[in-house]
Amino acid sequence: SPAGMVLSVLVILLLSVLYEAVKMGKAVLLRRALLALPRSLSQEALTEPQEGDGGPAQGSPSLMAFPTSFPRWFWFHVGQTLFHVVQVVLGYMVMLAVMSYNAWIFLGAIAGSTLGYFV
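The rules behind these values
- Residues numbered from 1 in each chain as written.
- Predicted model: local features only at pLDDT ≥ 70, side-chain atom pairs only at ≥ 80, totals over all residues.
- Heavy atoms only, no water.
- UniProt positions renumbered as here; feature names shortened; annotations may be inferred.
- Salt bridge = Lys/Arg side-chain N within 4 Å of Asp/Glu carboxyl O.
- Helix = DSSP H or I, 4+ residues; strand = E, 2+ residues; numbered from the N terminus.
- Buried < 20%, exposed > 50% of the residue type's maximum accessible area, 1.4 Å probe, protein only.
- Axes fitted to C-alpha atoms, helices over the stretch in contact; angles between N-to-C directions.
- Left-handed = near helix turned anticlockwise from the far one by under 90°.
- Contact = heavy atoms within 4.5 Å.
- Nonpolar A, V, L, I, M, F, W, Y, C, P; charged D, E, K, R; others polar.
- Expected span 1.5 Å × (residues − 1).
- Phe/Tyr/Trp six-rings, centres within 6.5 Å; stacked < 30°, edge-to-face > 60°.
- Core = buried A, V, L, I, M, F, W, Y, C linked by side-chain atoms within 4.5 Å.
- Arc of directions from axis to C-beta.
- Polar contact = N/O pair within 3.5 Å; in protein donor to acceptor, adjacent residues only side chain to side chain.

You'll find the protein entered in an unreviewed UniProt entry as Copper transport protein, with Dryoscopus gambensis given as the organism. Per its UniProt entry, the protein bears the Sequence similarities (unreviewed entry) comment "Belongs to the copper transporter (Ctr) (TC 1.A.56) family. SLC31A subfamily."

Written out as structure tokens, the structure is:
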């Protein structure tokens, strides 16, 4: 029916827009994760006490100098993983719809991808 076809094209269009939004969200999350990484992970940076510290007498220098942003980076990585799973699932759903070889579904996927990238 024509109404069913219009609804199908609209759903594929929205899935394509969502795919592009997830792709951009993943890139933003990657940028934040890279900014959350410590500047240096070299052995010297981990073992040397920072200026103003009491020295090694307060505890293990490698544990005291370890950056506190590690847990934040880890949660960014978990978020990236979830975004990746959603992106793969959406991509396969759109691909499966396009493989129906329906021109209108194909045009809906193209229009949605274009609109999602533009927004």
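### Topic: the pattern of salt bridges
Within this structure, the stated rule accounts for 1 salt bridge. One salt bridge in this structure joins Lys23 and Glu20, with 3.2 Å as the shortest N-O distance. Residue Lys23 and its partner Glu20 are both found in helix H1 (residues 2–36); the two are separated by 3 residues, about one turn of the helix. A residue is classified by how much of its surface remains accessible, and Lys23, at 33% relative accessible area, is partly exposed.

### Side note on the packing of H1 against helix H5 (residues 103–118)
Remark: H1 packs on H5, axes separated minimally by 7 Å, with the N-to-C direction vectors making an angle of 35 degrees. Here H1 and H5 pass one another in a crossing that is right-handed. Taking contact as the criterion, the partners of Met5, Ser8, Val9, Ile12, Leu13, Ser16, Val17 and Glu20 in H1 are, on H5, Trp104, Ile105, Gly108, Ala109, Ala111, Gly112, Ser113, Leu115, Gly116 and Tyr117. Here the contact of H1 with H5 is composed, by residue class, of 11 nonpolar, 6 polar and 1 charged.

### Here's the deal with H1
Compared with the 51 Å implied by 1.5 Å per residue over 35 residues, the 51 Å span of H1 between its first and last C-alpha is a close match. Among all positions in H1, only Val9, Ile12, Leu15, Ser16, Glu20, Val22, Leu29, Ala33 and Ala36 are buried.

### So, the packing of aromatic side chains
Aromatic ring pairs are defined here through the distance separating the ring centres and the angle between the ring planes. Across all of its chains, the model carries 1 aromatic pair by this definition. Look at Phe74 and Trp75: their rings are 5.4 Å apart centre to centre, the planes differ by 70 degrees, and that puts the pair in the edge-to-face class. Overall, Phe74 belongs to the partly exposed group, its relative accessible area being 39%.

### Some remarks on the nonpolar core
Ranked by size, the top nonpolar core spans 9 residues in total: Val9, Ile12, Leu15, Val22, Leu90, Val94, Ala97, Ile105 and Ala109. Elements with a minimum of two residues in this core: H1, helix H4 (70–98) and H5. Among the elements that take part in this core, H1 stands out by supplying 4 residues, more than any other.

### Describing H5
Residues three or four positions apart in an α-helix share a direction because the helix packs 3.6 residues into each turn. For H5, which comprises 16 residues, the first-to-last C-alpha distance of 22 Å matches the rise-based estimate of 22 Å (1.5 Å per residue) to within 8%. Inspection of H5 places Ile105, Gly108, Ala109, Gly112 and Gly116 among the buried residues, and these make up the whole buried set. For H5, the buried positions fall inside an angular range of 100 degrees around the axis, keeping them on one side. Exposed and oriented more than 90 degrees from the buried face of H5 are Ala103, Trp104, Thr114, Tyr117 and Phe118. The N-terminus of H5 is capped by Asn102, whose side-chain oxygen sits 2.8 Å from the backbone nitrogen of Trp104.

### Digging into the UniProt feature "transmembrane region" (unreviewed entry) in the protein
As recorded in UniProt, the feature "transmembrane region" (unreviewed entry) lies at residues 6–22. Within the segment residues 6–22, helix and strand shares are 100% and 0% respectively, and the terminal C-alpha atoms sit 24 Å apart.

### A short note on the side chain of Gln80
Inspection of the secondary structure assignment puts Gln80 in helix H4. The contact partners of Gln80, leaving out residues within four places of it in the chain, are Lys26, Leu29, Leu30 and Ala33.

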